[in-house]
Structures are given as structure tokens and as C-alpha cells.
Amino acid sequence: MIRRAAVLFLAALLPVLAGAGQAGAAGYRYWSFWERDGSAWTYATVGPSLARPADGDVQGFRFSVSEDSGDAAKPRGTADFDVICADTPATDGTKRVALVLDFGTPADAPSGERPPADRTACARVAEDATTAEALASVAKPLRYDSNALLCAIAGYPAKGCGEQVATGGRTSGGETSASGTERTGARDDGGSGPSVGLIGGAAVIVVLGAAALWQVRRRA
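Reading guide: rules and limits
- Residues numbered from 1 in each chain as written.
- Predicted model: local features only at pLDDT ≥ 70, side-chain atom pairs only at ≥ 80, totals over all residues.
- Heavy atoms only, no water.
- Helix = DSSP H or I, 4+ residues; strand = E, 2+ residues; numbered from the N terminus.
- Buried < 20%, exposed > 50% of the residue type's maximum accessible area, 1.4 Å probe, protein only.
- Areas by Shrake-Rupley, 256 points an atom, 1.4 Å probe, with all protein chains shown as cover.
- Core = buried A, V, L, I, M, F, W, Y, C linked by side-chain atoms within 4.5 Å.
- Contact = heavy atoms within 4.5 Å.
- Salt bridge = Lys/Arg side-chain N within 4 Å of Asp/Glu carboxyl O.
- Arc of directions from axis to C-beta.
- pLDDT = per-residue confidence, 0-100.
- Polar contact = N/O pair within 3.5 Å; in protein donor to acceptor, adjacent residues only side chain to side chain.

Peer 1: Explain the overall build of the protein chain to me, and be specific about the residues and the numbers.
Peer 2: In terms of regular secondary structure, the protein chain is built from four helices and ten strands. Along the protein chain, helices and strands appear, N-terminal first, in the series α-β-β-β-α-β-β-α-β-β-β-β-β-α. Looking at the 220 residues of the protein chain, the share that counts as buried comes to 40%. Summed over all atoms, the accessible surface of the protein chain reaches about 11,800 Å², with 55% contributed by carbon and sulfur.

The structure is reproduced here in C-alpha cells:
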């Protein structure tokens, strides 16, 4: 009888423990890469060192905290090629790429840093140039990590690269590196105390434990 009560208790406990584990939500602070498709932004499927935009293309970068590409914040502001490249005439043997650089919000900034003002730039580069080369021509210094993940544009942020931060949602890894590979962000365990889910789970455990003991005593 005692064994059966213990089994029932553990069976009820497993979903609680699973929920408590998922409560420790995480996202990643990084630069996401976007391509303009008509009037909308689409998340790039390759990294900037593999993308080869055509003359007249608009591409964007946004610094933010997100869990994956599905909830990544899009670049804000003007994204019209004719406006961004109005003062950059076409020349033979080159192409023009309009770039939208959104440095994000103070809430997404690393501790001690403040995002620069958002800006646009028209990069005039060789016809076979990649997006990474176009970006380097107008927004130095760029910073990459050892896995070719784009860490900083125009020197922002000054440090850090794809670090994990608490967001309150599910945990996911997946920033696109400059080489087009998927990379999980660096782990950051800087929590600020137990989560509500963990506290709630502990309370349920206490209730279930008391119920199991009551059943044992009742049937003894």
C-alpha cells in the first residue's frame, strides 16, 4: 500500500518538475540579419558572408534579445532603397545595397551600454560583394567571434556575443553566424532568485506529499 502511494505521488510529481524546469526561460542577445521582400522584412536564411545582394536590394540588421528567429525583432525605420541611396549614383562595375542598422532598445542593451541611434547607409561595393563586405564598407568596426557569429556593428556592443539571458519564455539557441551556420548562444547563469514557476511547483509538491501520507495512514 505504501509503495503504491509512493508511485502515485511520483507520477503526479513528474509534470510539476517538468514545468518548473521550463520556467527558467532564456533568450539570446545578438544581431539578427534580415532581407527586404517587397514591403516586409524576412529573416535571412544564410549569414551575411554568404548572402550576395543585387543592386537595389535592401537588407537590415537588428540588435535585440530573442528566443529564436520566430520571435526576433525586425529592423525599424525607413527601408526604401530610393531614399537610402538617393545620394549614391550607380557606377559601372559596382552595385548599391541599402542597409538598415537598428541598434535596438535600452532594454536589450548589455549592462552598462547604451545603443547608438539607428541609421541607414548605402554601400557601393563590387558586383560580387557579399552583405558582410557591404556592411564592412559603411559600419566599421565589425566584430566576429571564433565561429564567425557577428558580434558587433560599428563597435556596438563593446563586448559580449550571443550571450544567454532570461526572457520568460522557452529556451532556444539559434543565431545565424556570418558563415550561415546555426550557433547556440553562450551560457549565462546570472539569475535573480527563484522563479514563480519553481515556487509554485514546490507548493504543489508539499500538497501532493501531504495527500500521499494521508492516503497511507487512511488505508493502514
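Peer 1: Please give an account of the nonpolar core that cites residues and values.
Peer 2: As a rule of thumb, soluble globular proteins bury nonpolar side chains together. In terms of nonpolar packing, the biggest core is built from 20 residues, with W31, F61, L99, L101, L135 and I153 touching the most fellow members. Breaking this core down by element, the ones donating at least two residues are β1 (27-37), β3 (58-66), β4 (94-102), β5 (119-126) and α3 (131-138). Those residues within four positions of L101 in sequence are excluded, and the remaining contacts are F61, D118, R119, L135, A139 and I153. Counting 14 residues, the second-largest nonpolar core is a separate cluster that includes Y28, W41, A72 and A98.

Peer 1: Break down the pattern of salt bridges for me, citing the residues and quoting the values.
Peer 2: Here the structure, examined in full by the defined rule, presents five salt bridges. The partner of D55 in a salt bridge is R96, with the nearest N and O atoms 3.6 Å apart. Of the two residues, D55 is situated in the loop between β2 (40-43) and β3 and R96 in strand β4; the sequence distance between them amounts to 41 residues. Judged by its relative accessible area of 42%, D55 falls in the partly exposed class. In this structure R96 comes out as buried when scored by relative accessible area, which is 13%. Across the pair R76 and D102 runs a salt bridge, and its minimum N-O distance is 2.7 Å. On the criterion of sequence distance, the pair formed by R76 in the loop between β3 and α2 (81-84) and D102 in strand β4 is long-range, its members being 26 residues apart. Accessibility expressed as a relative area gives 0% for D102, which makes it buried.

Peer 1: Describe unusual backbone geometry, and please don't skip the residues or the numbers.
Peer 2: For the peptide bond that leads from K140 to P141, omega is 0°, which places it in the cis range. Residue Y156 is joined to P157 through a cis peptide bond whose omega torsion reads -5°. The backbone of A148 shows a phi angle near 70°, a positive value even though the residue is not glycine. In this structure, A148 sits in the loop between β6 (143-144) and β7 (150-152). Despite not being glycine, A154 shows a phi value in the positive range, around 55°. Checked against the element boundaries, A154 lands in the loop between β7 and β8 (164-165).

Peer 1: Help me get a handle on α3, residues and values and all.
Peer 2: Burial in α3 covers these residues: T131, A132, A134 and L135. One side of α3 holds all its buried residues, which, seen down the axis, span an arc of 160°. Buried residues along α3 sit in contact with β1, β3, β4, β5, β6 and β7.

Peer 1: Tell me about the confidence of the model for the protein chain, residues and numbers included.
Peer 2: Any residue range with low pLDDT should be treated as having predicted coordinates unsuitable for detailed reading. Looking at the protein chain, pLDDT values average 76 and 64% of them are 70 or higher. This stretch, residues 2-23, has a pLDDT under 50; its non-local contacts, to residues over four places away or in other chains, come to 20 contacts. Here residues 169-214 is modelled with pLDDT under 50, and outside its nearest four sequence neighbours on either side it reaches 91 contacts, counting other chains as well.

Peer 1: Give me the lowdown on the environment of E163, citing residues and values where you can.
Peer 2: Locating E163 in the fold gives a position in the loop between β7 and β8. Assessed through its relative accessible area of 16%, E163 is described here as buried. Each C-alpha atom of the pair E163 and Y28 lies 5.5 Å from the other, and the pair is 135 residues apart in sequence. Separated by 3.0 Å, the side chains of E163 and R29 make a polar contact. At 3.0 Å, the side chain of E163 forms a polar contact with the backbone nitrogen of C161.

Peer 1: Go over the side chain of Q164 with me, naming the residues and quoting the values.
Peer 2: Structurally, Q164 is set in strand β8. Of the residues examined, Q164 reaches a relative accessible area of 9% and is grouped as buried. Here the side chain of Q164 touches Y28 through a polar contact of 3.1 Å, side chain to side chain.

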